[in-house]
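# What the coordinates show
Okay, here's what each chain looks like letter by letter:
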Amino acid sequence: MATVESTAASATPAAPSRLGALLHAIGLLRESRIAMLGTFLVLFWVAMALLAPVLPLLDPNTPLEPFKGPGDLARDGETVFWLGTDHKGRDVLARLIWGSQRVLVWATLATAVAYVVGMLMGVAAGYLGGWWDEAISFVANVLLSFPVMVLYIVIISALGASGANIVLAVTFASAPGIMRIVRGLVLDLKTRDYIFAAQTRGEGAWWIMLVELLPNARGPLIVDACLRLGYTVITIAMLGFLGLGLPPPDPDWGAMIAEAVPTGAFALHAMVVPAMAVSSLVLGFNLLADGLREISLRD
Amino acid sequence: MLILAARRFGAMIAIMAVISFILFVIFESDKLGVAGKVLGPYSSLEQRELWLEQNGYNEPFLTRYLAWVGRALTGDFGQSIRFKAPVADLLWPRLGNTGILALCVFALMIPLSLTLGVLAGMREGSWLDRTISFGSILTTSIPEFASATFLVAIFVFKLGWLPGTSSMTGGFNPVELVLPVLVLVLYDFGYVARMTRASMAEVMTSQYIRTAVLKGLPHRQVILRHALRNALIAPFTVIVLQLNWLLSGVIVVEVFFAYKGFGKLLYDAATFGDIFLLQACTMVAVFVAVFSQFISDVGYTLLNPRIRFN
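Procedures and definitions
- Residues numbered from 1 in each chain as written.
- Chains lettered and ligands numbered in written order.
- Predicted model: local features only at pLDDT ≥ 70, side-chain atom pairs only at ≥ 80, totals over all residues.
- Heavy atoms only, no water.
- Helix = DSSP H or I, 4+ residues; strand = E, 2+ residues; numbered from the N terminus.
- Buried < 20%, exposed > 50% of the residue type's maximum accessible area, 1.4 Å probe, protein only.
- Areas by Shrake-Rupley, 256 points an atom, 1.4 Å probe, with all protein chains shown as cover.
- Lys, Arg positive; Asp, Glu negative; His and termini not counted.
- Charge placed at Lys NZ, Arg CZ, Asp CG, Glu CD.
- Arc of directions from axis to C-beta.
- Contact = heavy atoms within 4.5 Å.
- Polar contact = N/O pair within 3.5 Å; in protein donor to acceptor, adjacent residues only side chain to side chain.
- Axes fitted to C-alpha atoms, helices over the stretch in contact; angles between N-to-C directions.
- Left-handed = near helix turned anticlockwise from the far one by under 90°.
- Nonpolar A, V, L, I, M, F, W, Y, C, P; charged D, E, K, R; others polar.
- Phe/Tyr/Trp six-rings, centres within 6.5 Å; stacked < 30°, edge-to-face > 60°.
- Lys NZ or Arg CZ within 6 Å of the ring centre and 35° of its normal.
- Patch = residues over 30% accessible without salt bridge, like charges linked within 9 Å, V, L, I, M, F, W, Y side chains within 5 Å.
- Salt bridge = Lys/Arg side-chain N within 4 Å of Asp/Glu carboxyl O.
- Domains from an automatic or database assignment.
- Buried area = accessible area lost by both parts, 1.4 Å probe.
- pLDDT = per-residue confidence, 0-100.

### So, the overall build of chain A
Across its full length, chain A holds 12 helices and two strands. For chain A, the succession of helices and strands along the chain, N to C, is α-α-α-β-β-α-α-α-α-α-α-α-α-α. Its C-alpha atoms give chain A principal-axis dimensions of about 75 × 55 × 25 Å. Here chain A holds 299 residues, and the buried ones make up 49% of them. Working note: accessible area of chain A is about 14,000 Å², and carbon and sulfur atoms make up 68% of it. Of the side chains in chain A, 18 bear a positive and 22 a negative charge, and the two mean positions are spaced by 4 Å.

Written as structure tokens, this is what we have:
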């Protein structure tokens with residue numbers, strides 16, 4: 001225990017450098033078993049998504065032999081279906097790994113766009129105040145009054161199911177929440193001395209908002225981003241499950257479940273495996289967020 | 001207090017008005033599209049224009065909107081395209097079915113999450129606290145369609161104990177409610193339990209609890225008479241706001257189990273393009289969400305004197 005504390009203490013002076021700060025953060029993460037588990041789950045799926053093109057996988061969209069169990073051999077006696085095949089005879093392992101790439105890419109993109117919009121709204125409402133605040137907060141309140149799923153269904157059924165529309169729908173649903181958090185943080189930060197210093201120097205409002213305020217609000221936002229990434233993964237899979245998600249035939253975890261449930265009696269693995277994948281990825285993000293929050297409270 | 005409630009009520013009405021206008025713009029600004037949906041894809045342009053003329057669609061947009069609001073307020077939501085019946089007749093029985101589902105969920109979730117939250121918050125950092133906290137993160141990480149998949153895999157396909165669909169074709173059957181209710185409770189209880197835990201943990205570190213302990217009150221009495229009363233204010237608002245989440249979850253669960261409720265009706269209306277039905281369902285969903293927000297705001301003020309007397 002003493003060694004841990006002494007290394008943590010000796011690491012602090014190095015914190016000003018970016019690398020040092022990162023190593024320090026990783027060191028802190030290692031102290032929380034929950035955060036470690038979360039990091040492991042997230043990194044596992046990120047690795048799978050990145051390695052999908054180089055792994056020796058079968059083609060995810062080719063029908064081979066239907067209803068093979070996990071570990072069964074194909075008719076040629078060589079190919080192994082490690083996680084079995086689905087009702088159309090497609091390899092579940094290949095669909096799972098390619099599906100991880102799809103869900104991670106779109107979840108990250110959608111969350112990032114929602115964050116840009118939400119942060120701009122929040123920093124403008126918090127820093128400019130007055131009329132801006134009233135208008136932006138009202139828009140946020142209106143959007144937050146929708147049950148999220150109803151908002152998604154209305155947007156997707158009005159505009160059609162596509163990746164871009166999912167990004168749009170997630171932005172509509174998430175940006176108001178992000179705006180509220182950022183606004184609260186900015187209201188607190190804008191009374192600090194360095195903001196007055198910047199104002200006295202004659203910096204413009206946008207410079208102060210984007211360069212002085214936002215970077216200093218990052219701590220709680222990183223935790224929130226982790227939670228939101230997990231929630232966006234749920235959203236994308238849920239829309240896929242409802243048939244409102246990314247278009248087929250490319251694998252989508254939610255759609256894999258929806259397709260496999262009717263024939264569950266013959267290929268239980270085809271519905272259980274993607275459900276486990278979604279849950280583990282979301283759990284990873286949630287545990288990571290929980291660990292990060294614990295660490296930030298300790299400082 | 002009354003002034004505050006009136007102001008909240010006014011804000012609620014304003015939000016409903018704005019949302020109804022946005023929805024009307026989304027659904028009905030394309031007049032010919034509406035006629036095409038009502039008359040079917042093979043209707044001719046003349047037929048569509050005749051229909052628009054007959055149904056008052058050539059009035060100015062604002063007049064149409066106000067007329068629509070007027071009809072909606074008297075319970076007339078128009079005709080469903082798919083079911084060829086008044087929307088109101090379809091809506092109420094479905095809402096009733098979802099009400100039964102929601103009632104069962106709350107009846108199970110509230111005692112469960114409050115008990116677990118209080119137990120965890122009583123001694124922050126104990127093994128019980130850590131187990132409950134981890135358990136609630138775990139269950140909130142499993143989305144409804146995934147937990148439904150696991151439960152169906154176990155109880156329907158492996159054990160054969162429960163039916164996998166809940167369409168109630170043979171009349172009302174409580175056994176068919178078990179899985180939908182279980183799925184919703186599993187996903188929702190974790191959040192309330194975590195909020196209760198945080199609230200309880202905060203109360204336990206306050207001065208007046210320390211005083212109660214130091215003056216020698218038994219532990220039971222400190223918890224039941226002193227801590228709980230204040231610790232349960234925050235979870236109250238969370239539970240009411242949970243209605244909003246439940247509405248989202250209900251759509252997925254009702255679609256998964258083919259339960260003939262409000263969520264399935266909304267989903268079917270959206271995928272079929274049954275726009276008058278979809279309009280009505282969306283407005284009802286938003287009303288429930290906004291109204292629960294109103295109740296939670298007013299209730300929180302009533303329960304918390306520090307806010308009430310400010």
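So that's the structure; there's more coming.
### Here we look at helix 9 (residues 205-213) of chain A
All names here are of chain A. Within helix 9, burial applies to I208, M209, E212 and L213. Down the axis of helix 9, the smallest arc covering the buried residues is 115 degrees, so these residues share one side. For helix 9, the secondary structure elements touched by its buried residues are helix 4 (92-128), helix 7 (163-189) and helix 8 (193-201).

### Some thoughts on the side chain of T196(B)
Residues and elements named next belong to chain B. Position of T196 among the secondary structure elements: in helix 8 (residues 178-204). The class of T196 is buried, set by a relative accessible area of 0%. At 2.6 Å, the side chain of T196 forms a polar contact with the backbone oxygen of V192. Not counting the four nearest positions on each side in its chain, T196 is found in contact with S113, L114, G117, V118, L232 and P235.

### Brief notes about the packing of helix 8 of chain A against helix 9 of chain A
Residue and element names in this part refer to chain A. At their nearest, the axes of helix 8 and helix 9 sit 11 Å apart, and the two run at 145 degrees to each other. Crossing handedness for the pair helix 8 and helix 9: right-handed. Along its contact with helix 8, which presents Y194, I195, A198, Q199 and R201, the element helix 9 presents I208, E212 and L213. Considered class by class, the residues forming the contact of helix 8 with helix 9 number five nonpolar, one polar and two charged.

### Section: the packing of aromatic side chains
Taken as a whole, this structure holds 17 aromatic pairs over all chains when the rule is applied. Judged by centre distance (5.5 Å) and plane angle (15 degrees), the rings of F241(A) and F256(B) are stacked. Linking F241(A) in helix 10 (residues 218-241) with F256(B) in helix 11 (residues 233-257), this pair reaches from one chain into another. On the basis of relative accessibility, which here comes to 10%, the residue F241(A) falls in the buried class. F256(B) gets classed as buried once you look at its relative accessible area, which sits at 11%. Ring pairing ties together the aromatic residues F21(B), F24(B), F61(B), Y65(B) and W68(B), which thus form one cluster. Over the ring of F272(B) we find R82(B), and its NZ or CZ is 5.1 Å from the ring centre.

### Considerations on a nonpolar patch on the surface
Residues and elements named next belong to chain A. Taken together, the side chains of V116, L120, W206, W207, L210 and V211 make up a nonpolar region of the molecular surface, amounting to roughly 560 Å² of accessible area. Elements represented by at least two residues in the nonpolar patch include exactly helix 4 and helix 9. Within the element layout of this structure, L120 appears in helix 4. For L120, a relative accessible area of 37% puts it in the partly exposed group.

### What about the domain arrangement of chain B?
Residues and elements named next belong to chain B. The domain architecture assigned to chain B consists of domain 1 (2-73) and domain 2 (87-303). Taking only C-alpha atoms into account, the centre of domain 1 sits 33 Å from that of domain 2. Facing 19 residues of domain 1, the contacting portion of domain 2 comprises 15 residues. Per-residue buried area on domain 1 facing domain 2 is highest for M12, M16 and F27; these three make up 37% of the total on that side. Here domain 1 is connected to domain 2 by one salt bridge. Between D297 and R8 there is a salt bridge; the shortest N-O distance is 3.4 Å.

### Here we look at the confidence of the model for chain B
Close inspection of predicted coordinates is inappropriate in any region flagged by low pLDDT. All names here are of chain B. Summing up the model confidence of chain B, the mean pLDDT is 85 and the portion of residues at 70 or higher is 98%. Least confident of the elements in chain B is helix 14 (residues 305-308), whose mean pLDDT is 65; most confident is helix 12 (residues 262-272), at 90. In the predicted complex, the global pTM is 0.85; the interface-specific ipTM is 0.84.

### Description of the pattern of salt bridges
Evaluation of the coordinates by the stated rule reveals 13 salt bridges over all chains. Beyond isolated ion pairs, a larger network of salt bridges with shared partners links R201(A), E203(A) and E212(A).

### Here we look at the interface of chain B and chain A
Contact residues are listed per partner, giving 43 residues for chain B and 40 residues for chain A. The junction of chain B with chain A conceals about 3,400 Å² of combined surface from both sides, 83% of it contributed by carbon and sulfur atoms. For chain B, the biggest contributors to the area lost against chain A are S141(B), F145(B) and F157(B); these three give 17% of the whole. Note that R194(B) and D290(A) form a salt bridge whose closest N and O atoms lie 2.9 Å from each other. Put simply, chain B and chain A have five residue pairs in polar contact (both at pLDDT 80 or more) between them. Each residue belonging to the side of chain B that touches chain A can be placed in one class, and the counts come to 33 nonpolar, seven polar and three charged.

### Details of unusual backbone geometry
The phi dihedral of K84(B) falls on the positive side, at around 50 degrees, and the residue is not glycine. For K84(B), a relative accessible area of 63% corresponds to the exposed category.

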